Amino acid sequence: MKFWGVRGVSILAGLGFAFGLETMVSAGLPNIYRLVVLAGLFITLAVSLNLINGITGQFSIGHAAFYMVGAYSAGFVSNQFYAQQSLGPQLWLVVMMVFGAFMAGISGFVVGLPSLRLRGDYLAIVTLGFGEILRIVVQNIAPLGGAYGMNVKPFGSPPKAIWIVWTLAMVCIAVCRNLLRTAHGLPFLAVREDEVASSAMGVNVPKTKVTSFVIGSAFAGAAGALFALYDTFISPDTFKMDVSFIILTMVVLGGTGSITGSVLAAVALFAIPEWLRTLQDPVTKVAIQIPGPSLVATMLAVIVAVALVKLIQDRFYGDKGKKLGLYVGAVGAGVAVQFLLAALLKGVPQLAKLSFEAAALRMVIFSATLIILMLLRPQGILAHHEFSWAWVSKLFGRRPSEANA
Amino acid sequence: MSEKPVVLSLDKATIQFGGLIAVNSVTFDLYKGDLFGLIGPNGAGKTTCFNLITGVYKPTSGSIKFNGKEVGGLAPAKIAEMGICRTFQNIRLFPALSVLENVVVGAYLRHKTSVYGAYTYLPPAINETESLKKDAMDLLEVMDLADMAGSRSADLPYGKQRRLEIARAMATKPDLILLDEPAAGMNPQEKEDLQATVRRIRDEFGKTVLLIEHDMRFVMGLCERIVVLDHGEEIAQGSPEAIRSDPKVIEAYLGEAV
Ligand SMILES: Nc1ncnc2c1ncn2[C@@H]1O[C@H](COP(=O)(O)OP(=O)(O)OP(=O)(O)O)[C@@H](O)[C@H]1O
Ligand SMILES: [Mg+2]
């Protein structure tokens, strides 16, 4: 019965976390309510795409399409029936979430079928094309609001959604992780590794691929339904290709196949641009200005530091401590270059005149961070590793057996 | 010999790729417990024969019967389920998976609980995972790979990768196991060990074995019957002694020296 004890505690802990977040955010920080909802949705989107992309190895890149199917089907049905229902706003939200997941799961099945014949880039194009076609079709359907978008009932008074959003995220994580913890997840990984060998070992390759598409897209659809009812307004523009690419970036950056990586990358990629948007001087509340010479010097310094780190990474083997020292040296060299160049460039009058608002540079900083990460750690932040308590206790120098005692 | 049941029976099995007839009207029978060799020069159609038997290709004509049932043209996974498993000439492991996980994928074919149990991580799925892992571990023991169970399979040396492929195929609990050049790239010591292992697979585990191999010492020392292919055609069939002295085989493949 130890098993059920552990299960019970972790489920309670999960729910406690979701409700705690709800209470905390709505009581103390109402202005970040929307951000916390969106962060939960993006975790769901990234982890569910990881199931298709990272775990089953099907290069699907149009995940926003399933997000859209969930949002529009839930939005449309909610508009038709919200007035008649007597479930209350929260239960209605859950019902719509399940409905959105169902509709997206069906579309995932349809999009999954080409994956039986297509691989790699070709499949990627099909999935992306599906998303774009769907978006354009919706743009031309008047009952769905066309290009203007659609208001979703209950208008203007979104139901308290954080706990539902984050419970969905946790269920999505749990499903993927459970799959990987049992032998039942191995066929998915085997299909990713080698389809011919998988089928020779008796793995039903078509079924495995389609299953992963259906589950992955159903979770995306559930997230879409929550988004529609929470935001109370959806338009085709919300589900453009760049949303697909952000989700894909989260998966790749976190490490394809690592659920923990997807979660971390989803939070980071979501939070960084939002945080950069609000960059201002803490005292004067004026947006921070970056002088031209510093900007140019910083850019060059970053290039120098990255090149040095990459060189050390590729050319030096052996002692870890020594290598770490070299990395510190490389970063130091970057800082030195920055100071030197900044001082030198101040002498260039055309450049010294210029200055830039930090918040306006946020997409530049964002993309530069991505490029640097992909250069220095192409396997993703966590590669294929997962978070586990055993790993934590190792980190703190205690073996799990001692920790339990 | 003829009292033993026929396991695999090829009857005029043929496949044509465009203008090339890669396997032309090949006919032979495997009896239960046979250690059977398939040899011939490069490009003779040996691997293609395996691909026909395991459903990778559909025969253009002719029939392939396994335990009395036609398997020609069935899906590979279906054929694996019926009890034929194979290894690959150009090793096809699941590189990023561990040695143990590779074998569990094979063992998974005979699993019993439903996959829905896994999404919720309930005791049936957990217990089954444990028992599949245990079976896999036993097979690794047999193949002498148990000490490397946790390593990434791509990190194994070549000879061990070949042994791992055999362990993985064995895990599907086949009646008939097909080995495509299992000794390729092995040193003499490894080859000798492999011979003993293949014999054990037949004697101890009761499998029927069909193997392709270019190393004549290996084949002649191991197999009890041999079929020789050349340009897709069957040119001889019989005991190692008969094959060694067959003039057609000497001309097409073995050369005068053997
Ligand atoms: N899918 C295919 N399409 C066209 N030709 C093929 C195909 N598969 C095999 N062949 C041809 O069939 C012939 C037999 O190939 P096969 O791989 O069976 O030879 P093999 O006897 O296994 O040779 P080796 O000893 O080199 O492994 C070759 O000429 C090969 O090019
Ligand atoms: Mg071959």
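Position numbers for residues count from 1 along each chain, tracking the sequence in the order it is written. Both sets of labels track the order of writing: A upward for chains, 1 upward for ligands. With pLDDT at 70 or above as the cut-off, local features in this predicted model cover only qualifying residues; side-chain atom pairs require 80 or more to be listed or tallied, and sums for whole chains, interfaces and linings still use all residues. Note: side-chain values were computed over all heavy atoms of the structure, leaving out hydrogens and water.

## Details of the overall build of chain A
Okay, step 1: A run of H or I in DSSP counts as a helix once it spans at least four residues, and a run of E counts as a strand once it spans at least two, with each numbered from the N terminus. Tallying secondary structure elements over chain A gives 17 helices and 4 strands in all.
Okay, step 2: Taking 405 residues into account, the globule formula puts the C-alpha radius of gyration at 22 Å, and chain A, at 24 Å, falls close to it.
Okay, step 3: Its C-alpha atoms give chain A principal-axis dimensions of roughly 70 × 50 × 50 Å.
Okay, step 4: Accessibility here uses a 1.4 Å probe with only protein chains present; expressed as a share of the type maximum, an area under 20% marks a residue as buried, one over 50% as exposed, and anything in between as partly exposed. Put simply, chain A has 405 residues, and 46% of those count as buried. With C-alpha atoms as the basis for the radius of gyration, the globule rule is written as 2.2 Å multiplied by the number of residues raised to the power 0.38.

## Quick notes on a negative patch on the surface
Residues and elements named next belong to chain B.
Okay, step 1: On the surface, Glu141, Asp144, Asp147, Glu192 and Asp193 cluster together into a patch of negative charge.
Okay, step 2: Positionally, Asp144 belongs in the loop between α5 (123-142) and α6 (158-171).
Okay, step 3: Owing to a relative accessible area of 57%, Asp144 belongs among the exposed residues under this scheme. Only residues whose relative accessible area exceeds 30% and that form no salt bridge are eligible for patches; like-charged ones are grouped when within 9 Å, while nonpolar side chains (Val, Leu, Ile, Met, Phe, Trp, Tyr) are grouped when within 5 Å. Only the protein chains shown count as covering a residue, and every accessible area follows the Shrake-Rupley method with a 1.4 Å probe. In the sections that follow, a salt bridge refers to a side-chain nitrogen of Lys or Arg positioned within 4 Å of a carboxyl oxygen of Asp or Glu. Just so you know, the count uses Lys and Arg for positive and Asp and Glu for negative, and it drops His and the chain ends. By convention, the charge on Lys lies at NZ, on Arg at CZ, on Asp at CG and on Glu at CD.

## Some remarks on the state of the cysteines
All names here are of chain A.
Okay, step 1: The rule for a disulfide is simple: a pair of cysteine sulfur atoms within 2.5 Å. Inspection of every chain in the model, using the stated rule, returns 0 disulfides over all chains.
Okay, step 2: Here Cys172 stays unpaired: no disulfide links it, and the sulfur of Cys176, its closest cysteine neighbor, is 4.8 Å away.
Okay, step 3: The buried category is assigned to Cys172, whose relative accessible area is 0%.
Okay, step 4: By relative accessible area, Cys176 is classed as buried at 1%.

## Side note on the packing of aromatic side chains
Residues and elements named next belong to chain A.
Okay, step 1: Whether two aromatic rings pair depends on their centres lying within 6.5 Å, for rings of Phe, Tyr and Trp, where Trp uses its six-membered ring; planes under 30 degrees apart make the pair stacked, over 60 edge-to-face, and the rest tilted. Scanning the model with the defined rule gives 10 aromatic pairs over all chains in all.
Okay, step 2: With a centroid separation of 5.8 Å and an interplanar angle of 45°, the aromatic rings of Tyr67 and Phe227 are classed as tilted. Of this pair, Tyr67 sits in helix α3 (residues 64-81) while Phe227 sits in helix α9 (residues 205-231), and the two are 160 residues apart along the sequence.
Okay, step 3: Owing to a relative accessible area of 3%, Tyr67 belongs among the buried residues under this scheme.

## Focus: the coordination of the magnesium ion (ligand 2)
Residue and element names in this part refer to chain B.
Okay, step 1: Only N, O and S atoms count as donors, using a 2.8 Å limit from the metal and a wider 3.2 Å limit for Na, K and Ca, and since water is excluded some coordination spheres may look unfilled. Thr47 (OG1) and Gln89 (OE1) make up the full set of protein donors to the magnesium ion (ligand 2), lying at 1.9 to 2.1 Å. Residue Thr47 is found in helix α1 (residues 46-53), and its partner Gln89 is found in the loop between β6 (84-86) and α3 (99-108); the two are separated by 42 residues along the sequence.
Okay, step 2: Given a relative accessible area of 32%, Gln89 falls into the partly exposed group.

## Quick notes on the domain arrangement of chain A
Residue and element names in this part refer to chain A.
Okay, step 1: Each domain span listed reflects an automatic or database assignment of domains. Split into domains, chain A comes out as domain 1 (2-277) and domain 2 (289-395).
Okay, step 2: A straight line from the C-alpha centre of domain 1 to that of domain 2 covers 33 Å.
Okay, step 3: Contact residues are listed per partner, giving 19 residues for domain 1 and 16 residues for domain 2.
Okay, step 4: Throughout, the accessible surface (probe 1.4 Å) given up by two parts as they are put together, summed over both, is called the buried area. Approximately 1,500 Å² of surface area, both sides summed, lies buried where domain 1 meets domain 2, with 68% of it carried by carbon and sulfur atoms.
Okay, step 5: Here domain 1 and domain 2 share 0 salt bridges between them. In this description, contact between two residues means that some pair of their heavy atoms is separated by no more than 4.5 Å.

## Remarks on the pairing of strand β7 (residues 176-180) of chain B
All names here are of chain B.
Okay, step 1: Among the 5 residues of β7, 5 are classified as buried, and the element is accordingly described as predominantly covered.
Okay, step 2: Alternating residues of β7 divide into Leu176, Leu178 and Asp180 and Ile177 and Leu179, and every residue in both groups is buried.
Okay, step 3: Here β6 runs beside β7; their pairing, made up of 3 bridges, is parallel. Looking at the pairing, Arg86 lines up with Leu178 of β7. Here, a strand pair is defined by DSSP locating no fewer than two bridges between the strands.

## Description of the domain arrangement of chain B
Residue and element names in this part refer to chain B.
Okay, step 1: Along its sequence, chain B is organised into domain 1 (1-83 + 176-258) and domain 2 (86-173).
Okay, step 2: Across the domain 1 to domain 2 interface the summed buried area is about 1,800 Å²; carbon plus sulfur atoms make up 61%.
Okay, step 3: Three residues, Ile177, Asp180 and Thr197, lead the burial of domain 1 against domain 2; their summed loss comes to 21% of the area buried on that side.
Okay, step 4: Those elements giving two or more residues to the side of domain 1 that touches domain 2 turn out to be α1, α2 (76-82), β7 and α7 (188-203).
Okay, step 5: No other element matches α7, which puts 6 residues into the side of domain 1 that touches domain 2.
Okay, step 6: By residue class, the composition of the side of domain 1 that touches domain 2 is 12 nonpolar, 6 polar and 7 charged. Charged means Asp, Glu, Lys or Arg here, nonpolar means Ala, Val, Leu, Ile, Met, Phe, Trp, Tyr, Cys or Pro, and polar covers whatever is left, Gly included.

## Re the site of ligand 1
Residue and element names in this part refer to chain B.
Okay, step 1: What makes a residue near a molecule or strand is one non-hydrogen atom of that residue sitting within 4 Å of it. As a matter of local geometry, ligand 1 sits amid 14 residues, with Lys46, Thr47, Thr48, Gln89 and His214 nearest to it.
Okay, step 2: Any pair of nitrogen or oxygen atoms within 3.5 Å is treated as a polar contact; in protein, a donor-acceptor pairing is required on top of that, and neighbouring residues in sequence qualify only through side-chain atoms on both sides. One of the side-chain N or O atoms of Gln89 is found 2.8 Å from an oxygen atom in ligand 1.
Okay, step 3: Separating an oxygen atom of ligand 1 from a side-chain N or O atom of His214 is a distance of 2.7 Å.
Okay, step 4: When ligand 1 sits alone it has 640 Å² of accessible area, and the protein chains cover 65% of it.
Okay, step 5: Elements with a contribution of two residues or more to the shell around ligand 1: β2 (20-31) and α1.
Okay, step 6: The element best represented in the shell around ligand 1 is α1, accounting for 3 residues.
Okay, step 7: Of the residues that constitute the shell around ligand 1, the class distribution is 5 nonpolar, 7 polar and 2 charged.

## Focus on the sheet that holds β2(B)
Residues and elements named next belong to chain B.
Okay, step 1: Spatial ordering of the open sheet is given by β2-β1-β4-β5, a layout of 4 strands whose pairing is antiparallel. The sheet is open, and its two borders are formed by β2 and β5 (69-70), each paired with just one other strand.
Okay, step 2: Pairing geometry for strand β1 (residues 6-17) and strand β4 (residues 61-66), over 5 bridges, is antiparallel. In the strand pairing of β4, Leu8 is matched with Phe66.
Okay, step 3: Strand contacts of α1: β1, β2 and β4, with the helix running at about 115° to β1, the strand carrying the most contacts. Comment: axis = line fitted to C-alpha atoms, over the contacting stretch for helices; angle = value between 0 and 180 degrees taken between N-to-C directions.

## Comments concerning the pattern of salt bridges
Okay, step 1: Under the defined criterion, the tally for this structure stands at 13 salt bridges over all chains.
Okay, step 2: The salt bridge partner of A:Arg135 is A:Glu132, with a shortest N-O separation of 2.9 Å. Of this pair, A:Arg135 and A:Glu132 both sit in helix α5 (residues 120-139), 3 residues apart, which is roughly one turn of the helix.
Okay, step 3: Using a relative accessible area of 18% as the deciding quantity, one classes A:Glu132 as buried.
Okay, step 4: Across the pair B:Lys191 and B:Asp215 runs a salt bridge, and its minimum N-O distance is 2.7 Å. Here B:Lys191, found in helix α7, pairs with B:Asp215, found in the loop between β8 (208-212) and α8 (216-222); they are 24 residues apart in sequence, far enough to count as distant.
Okay, step 5: Note on B:Lys191: relative accessible area 21%, which makes it partly exposed.

## Some details on the interface of chain B and chain A
Okay, step 1: Counting from both sides, the interface comprises 36 residues of chain B and, opposite them, 29 residues of chain A.
Okay, step 2: Each partner contributes to the roughly 2,700 Å² buried at the junction of chain B and chain A, and carbon and sulfur atoms together form 73% of this total.
Okay, step 3: Summed over the shared surface of chain B and chain A, the result is 1 salt bridge.
Okay, step 4: The salt bridge involving B:Arg92 is made with A:Asp194; its shortest N-O contact spans 2.7 Å.
Okay, step 5: For the side of chain B that touches chain A, the elements supplying multiple residues, two or more each, are α2, β6, α3, α4 (116-120), α5 and α6 of chain B.

## Things to note about the packing of helix α2 (residues 33-55) of chain A against α9(A)
Residues and elements named next belong to chain A.
Okay, step 1: Where α2 contacts α9, the two axes come as close as 7 Å, and the packing angle between them is 165°. In terms of their interaxial angle, α2 and α9 are classed as roughly antiparallel. Between α2 and α9 lies a crossing of left-handed hand. Note on element contacts: α9 touches α2 through Ser212, Phe213, Ile215, Gly216, Ser217, Phe219, Ala220, Ala223, Leu226, Phe227, Tyr230 and Asp231, opposite Tyr33, Arg34, Val37, Leu38, Leu41, Thr44, Leu45, Ser48, Leu51 and Ile52.
Okay, step 2: Here the contact of α2 with α9 is composed, by residue class, of 15 nonpolar, 5 polar and 2 charged. Angular relationships are summarised with four words: roughly parallel below 35 degrees, roughly antiparallel beyond 145, roughly perpendicular across 65 to 115, and oblique for the angles in between. Put simply, a crossing is left-handed when the front helix is turned counterclockwise from the back one by less than a right angle, and right-handed when it is turned clockwise.

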